[in-house]
Amino acid sequence: MTYASPVFAHAAPKVLHRLQVIQNKFCRAATDAHWCVHNSILRRDLELPTISKYMKDASKRFFDIAGSHPNALFRAAVDYQPPHPTHLIRRPRNVLTDPHDALTAAVESLNDVNYTHN
């Protein structure tokens, strides 16, 4: 999954949601958590990001490394101006400028609240 994450990070939200469901089921099975435990609590305790946040972070790492790579084709992938947000063609680097999806934003806000109370 991480191999193509710079490109796959900009997949349709429905596809990323399906992957998030699989991650949630795996976390629940691995921890033998009761059904009433929230998925966000499991991810927080296991220190796992949501799938979309993980993909976005992997994309950021890829483009940071590609900027200093000796291969000119890798550097060319980094040096471009993103198209206007309403442009229909999306490129993988656009995922870095896109806002978080609703799930990731909610999890991050819960984590911020939990960390300030600890």
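As a convention, each chain's residues are numbered from 1 in the sequence order in which they are written. Side-chain atom pairs in this predicted model are given and counted only at pLDDT of 80 or more, local residue features only at pLDDT of at least 70, and totals for whole chains, interfaces and linings cover all residues. Calculated side-chain values reflect all of the structure's heavy atoms, with hydrogen atoms and water omitted.

Next up on the list: the side chain of Q23. The way it works is that DSSP assigns letters per residue, a run of H or I at least four long becomes a helix, a run of E at least two long becomes a strand, and they are numbered from the N terminus. The residue Q23 is located in helix α2 (residues 13-31) in this model. Here the side chain of Q23 touches Q20 through a polar contact of 2.7 Å, side chain to side chain. Two residues qualify as a contact provided that any one of their heavy atoms is within 4.5 Å of a heavy atom in the partner residue. Residues in contact with Q23, not counting those within four places in the same chain, are R43, L48, P49, T50 and I51. We define a polar contact as two N or O atoms separated by no more than 3.5 Å, with the added condition that, inside protein, one atom must be a possible hydrogen donor and the other a possible acceptor, whereas residues neighbouring each other in sequence contribute only through side-chain atom pairs.

This part takes up the environment of A76. Looking at the element boundaries, A76 is found in helix α5 (residues 72-78). Once the C-alpha coordinates of A76 and A66 are considered, the two residues, ten residues apart in sequence, prove to be 8.8 Å apart.

Now for the pattern of salt bridges. A pairing counts as a salt bridge when a side-chain nitrogen of Lys or Arg comes within 4 Å of a carboxyl oxygen of Asp or Glu. Scanning the entire structure with this criterion turns up two salt bridges. Its salt-bridge partner being R44, residue D45 comes within 3.3 Å of it at the nearest N-O pair. Burial here depends on accessible area, computed with a 1.4 Å probe over protein chains only, as a share of the maximum for the residue type. Under 20% is buried, over 50% is exposed, and the range in between is partly exposed. Relative accessible area serves as the criterion here: at 54%, D45 is assigned to the exposed category. Owing to a relative accessible area of 26%, R44 belongs among the partly exposed residues under this scheme. Between K53 and D57 there is a salt bridge, with its nearest N and O atoms 3.4 Å apart. On the criterion of helical spacing, the pair formed by K53 and D57 is a turn pair, its members being four residues apart in helix α4 (residues 51-66). Residue classification places K53 among the partly exposed residues on the basis of a relative accessible area of 25%. Residue classification places D57 among the partly exposed residues on the basis of a relative accessible area of 29%.

Roughly 170 Å³ of internal volume is contained in the second largest pocket. Looking at the lining of the second largest pocket, the elements with two or more residues in it are α3 (39-46) and α6 (102-117). Top element by residues in the lining of the second largest pocket is α6. It accounts for five residues. A class-by-class count of the residues in the lining of the second largest pocket yields four nonpolar, three polar and five charged. Think of a 1 Å grid over just the protein atoms. A cavity is a set of points where a 1.4 Å probe fits yet cannot get out, a pocket is an open set with protein on both sides within 12 Å along at least five of seven lines, and lining residues have an atom within 4 Å of a point. Grid points are joined across faces, edges and corners, and a volume is the space filled by probe spheres set on the points. Polarity classes work like this: nonpolar for Ala, Val, Leu, Ile, Met, Phe, Trp, Tyr, Cys and Pro, charged for Asp, Glu, Lys and Arg, and polar for all others, with Gly in that last group.

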